[in-house]
Amino acid sequence: MDATALLLSRLQFAFTISFHIVFPSFTIGLAAWLTILEALYLATGRPAYREVFEFWLKIFSVAFGLGVVSGIVMAFQFGTNWDVLARRTGPIQGVLLSYETFTAFFLEASFFGILLFGRSRVPPWFYLFSTAMVALGTTLSAFWIMVNNSWMQAPVGYAIENGEYVAADWSKILFSPVLWVRFPHMLLASYITGAFCVAATGAWYLLSEKFHAEARIMLSMGLLLGAVLVPVQLFFGHLTGDYVHDYQPAKFAAIEGRWHDQQPASEVLIAIPDPRSETNDYAIQIPVLGSLIGSMSFDSKEVGLTDFPSADRPPMIIPFFAFRIMVGCGLLMLLLAWVGSYLNVKGRIEQNRPLLWAIFLSFPLPFIAILTGWFTAEVGRQPWTVYGVLRTADSVTPFLTARAATISLIVFCSVYAFIFTFGVFYIHKLLRAGPAGALVRAPVAASPNRPMSVVDEPVTARSAHVEAGE
Amino acid sequence: MAIFWVCVLAVSILFYVLLDGFDLGVGILFGFTRNEQRRREMLAAVAPLWDGNETWLIVAGVVLWGAFPVVYATLFSAFYLPLLVMLAGLILRGVAFEFRNKTEHMRWIWDLSFAAGSFVAAFVQGLMVGALVEGLPISDGQYAGGEFGWLSPFSLLCGVGLCLGYTLLGVCWLVRKCADEVRDAAYRLIPPLSIGLLLFLIVVFAYALGENLRIMSRWLERPYLLVFPAIGIVAAIVLAASVRRRRDEPPYYMVVLIFAAAFGTLAISFWPYMIPFTITIEDAAAPHSSLAFMFWGEGLFVFPLMLVYTAISYAVFRGKVRPASVNY
């Protein structure tokens, strides 16, 4: 095995999967929201819902396309770079991922074509059905990915035969308690991502005083969804922490920044961990809280990272900081969603420009939270691919050369950078152009409580700000 | 169980070749026209369907991984660089569908990436099949050929051959889906492409005889294999007749038959090996618990559903592309 090839393969996997996760996490939430919009449109017949639907469908399609093409890479990468892992765990991981393809990808691909090109070819109820099927497909895909990843985090229901990991009990794998806290955690993260992107777009339009009717729908629905879901998400985040505490004590110690056993344990809020001296610099900590969070008691002993042989320890820096960034983003989103929803209900949000600015600028938060959450989970699992049983160093393709790995890393980085740049640029362009029908803009003196149905008369002339080219 | 999954795998690969084959072929053809209206019609003929088509490739990949992990790991790590190139091609052509209508100044970038990506993906797929037919260097169940073990005149030739084949599929698809100018241009391309493909097959056959490839001995052991070339010849004759009479529907199905015959030939010449002459189906099959779990869920229930979805989307987008409604 070539040590450089191993490092390069890890970098490549981390890079390609991080790139990929951004798009599905956005489209899972967006697909659900599109389904709701289409259902509302069919139920009420209000043109604004249709406008908002058509608008977000365009953005959805760009993000979905990027998700699809970057996802194909994942199906191959296990084989190209992680030959030994693929060979040994194929009877479990391969099977789970084949379920993903069978149950999810065909739903998505077939009905997505209808969503984009088929409105005139199918009856309205079937169009709604197609939207729901795309949403179901994206959700199922997330489910199987989480089954697979949860098995890698906390392997259950398997036996080892001739070096292969064979499923001894599929029900243990599918009903693993770890899975059933992590899957909701991921799903909620996706919904919140969709909600904040929609709310941010609404806030942006309100700030620049355009697309008033659509902007109100986006802002209200996005904020309300966020206000309900973020607290639930924090709860599931806590449950996820509990499983890490019980199943992956080394990862838990790394996240907590705890080098040595403590009883009762304090909670490190922020610090700079120093791996060489195995201590924290500039630590701010709260006594006893660590035991309370870890074990719900005031005097429990909590395990430190140095309890584990150094060959079995994850690095501390990345999980420690990634986790804090994730939680920070979550708390910020909670604040924005609650304050925003409150002012929205009171009808005062449109006058509050600083808050609108904050909501507009909040759109990266859910993405950052998702990425750092995954960094915490995956880096914290090291040095294992399958926790406790198969090491990362033993998983890589044994004959992979550093040269080939360098070439592939460079190719993936450049291709992804290329399509990402253009993808983001086109999404920005679509957002700036706004909903196509351009419903009547609210008069300058409009009261924020004005019934929205009044502004729902479509006009033929496009608003002046729809720019033609780039 | 293992046999069931080999069949699913074979069906998936065949579907992939027949379906993504035509949209890759249209992509290659796309590079040879400058006319924007024609390009739009060509794209409209594949745009709602390409994503589903490409999904069959992933199906083949994951069935291979779940049901035959050894083959998945061995082949994919052996084809490290070709797969990289293929993936880059598929990525670039895939995003082109979404990106090209978002811009005018930079449309040429996506036109280029659509055509070049399609070509590269098709070429590499042919190359990998060729390398498999010729035989990959494998020892102790591990690939042992180095970074370029798949590279040979024969595998390159097969790359060219598959490009020709996919282009022919694409041309026939355009005949089916388009009207007027595009259709007529497509009709004109069928004879030269068919002759090119025929020449390719003759050269491959001669090469295989000349190099005394082990796979050729299969033909002597299994004379019933000759039924496949016979099907191919009949299909080619019907193809020629329907082109002459300008019948839009049959050509695509005839090329499908030719491909199916070629695929059947290959599959049965491989049997019972998955990687010729080193790893058999039995060696490669995952443990029973995996095969059974796959069978009772996705095999028995979801696989038919997948066929239904595919049928639905082809039914919704049946008939000719209407140039007026082309929104690409």
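These numbers were taken from a predicted model, which means no experiment stands behind them.

## Observations regarding the overall build of chain A
- Looking only at helices and strands, one finds 13 helices and 6 strands in chain A.
- By the compact-globule yardstick of 23 Å for 470 residues, chain A fits well, its C-alpha radius of gyration being 24 Å.
- Expressed along its principal axes, the backbone C-alpha trace of chain A runs to roughly 70 × 50 × 40 Å.

## Brief notes about the environment of A286 of chain B
- In this fold, A286 of chain B is placed in the loop between α12 (281-284) and α13 (288-316).
- On the neighbour-count criterion, A286 of chain B (28 C-beta atoms within 10 Å) is buried.
- Distance from A286 of chain B to R247 of chain B, taken between C-alpha atoms, is 47 Å for residues 39 residues apart in sequence.
- When neighbours within four sequence positions are excluded, A286 of chain B is seen to be in contact with G90 and P91 of chain A together with G66, A67, F68, P69 and L291 of chain B.

## Digging into the domain arrangement of chain A
Residue and element names in this part refer to chain A.
- Domain parsing of chain A yields domain 1 (3-261 + 303-456) and domain 2 (262-302).
- Each of domain 1 and domain 2 has a C-alpha centre, and these two points are 30 Å apart.
- Contact with domain 1, which involves 14 residues of that partner, is made by 15 residues of domain 2.
- The element that contributes the greatest number of residues to the side of domain 1 that touches domain 2 is helix α10 (residues 317-346), accounting for 3 residues.
- Split by residue class, the side of domain 1 that touches domain 2 holds 5 nonpolar, 5 polar and 4 charged.

## Concerning the interface of chain B and chain A
- Each side of the interface is counted separately: chain B has 55 residues, and chain A has 59 residues.
- Looking at the side of chain B that touches chain A, the elements that each hand over two or more residues are α3 (50-67), α4 (69-78), α5 (80-99) and α13 of chain B.
- Grouping the amino acids of the side of chain B that touches chain A by side-chain chemistry returns 36 nonpolar, 13 polar and 6 charged.

## A few points about the pairing of strand β4 (residues 279-286) of chain A
- Within β4 of chain A, only 0 of the 8 residues are buried, which leaves the element largely exposed.
- Here strand β3 (residues 267-274) of chain A hands over to β4 of chain A after 4 residues, with E278 of chain A in that stretch at a positive phi of 55°.

## A look at the pairing of strand β2 (residues 164-167) of chain A
All names here are of chain A.
- Because side chains alternate across β2, one face comprises the buried residues Y165 and A167, and the other comprises E164 and V166, none of which is buried.
- Sheet topology places strand β1 (residues 158-161) next to β2; 4 bridges connect them, and they run antiparallel. In the strand pairing of β2, E161 is matched with E164.
- Two successive antiparallel strands, β1 and β2, enclose a turn made up of 2 residues, where N162 displays a positive phi of approximately 50°.

## Concerning the nonpolar core
- Counting 252 residues, the largest nonpolar core has W56 and A199 of chain A together with F68, L87 and L174 of chain B as its most contacted members.
- By residue number, the principal contributor to this core is helix α2 (residues 47-81) of chain A, which donates 20 residues.
- Ignoring sequence-local partners within four residues, the contact set of W56 of chain A consists of L30, W33 and L34 of chain A.

About the cut-offs
- Residues numbered from 1 in each chain as written.
- Chains lettered and ligands numbered in written order.
- Predicted model: local features only at pLDDT ≥ 70, side-chain atom pairs only at ≥ 80, totals over all residues.
- Helix = DSSP H or I, 4+ residues; strand = E, 2+ residues; numbered from the N terminus.
- Rg over C-alpha atoms; globule rule 2.2 N^0.38 Å.
- Buried ≥ 20, exposed ≤ 12 C-beta atoms within 10 Å, placed from the backbone.
- Contact = placed C-beta atoms within 7 Å.
- Domains from an automatic or database assignment.
- Nonpolar A, V, L, I, M, F, W, Y, C, P; charged D, E, K, R; others polar.
- Pairing = 2+ DSSP bridges.
- Core = buried A, V, L, I, M, F, W, Y, C linked by C-beta atoms within 7 Å.

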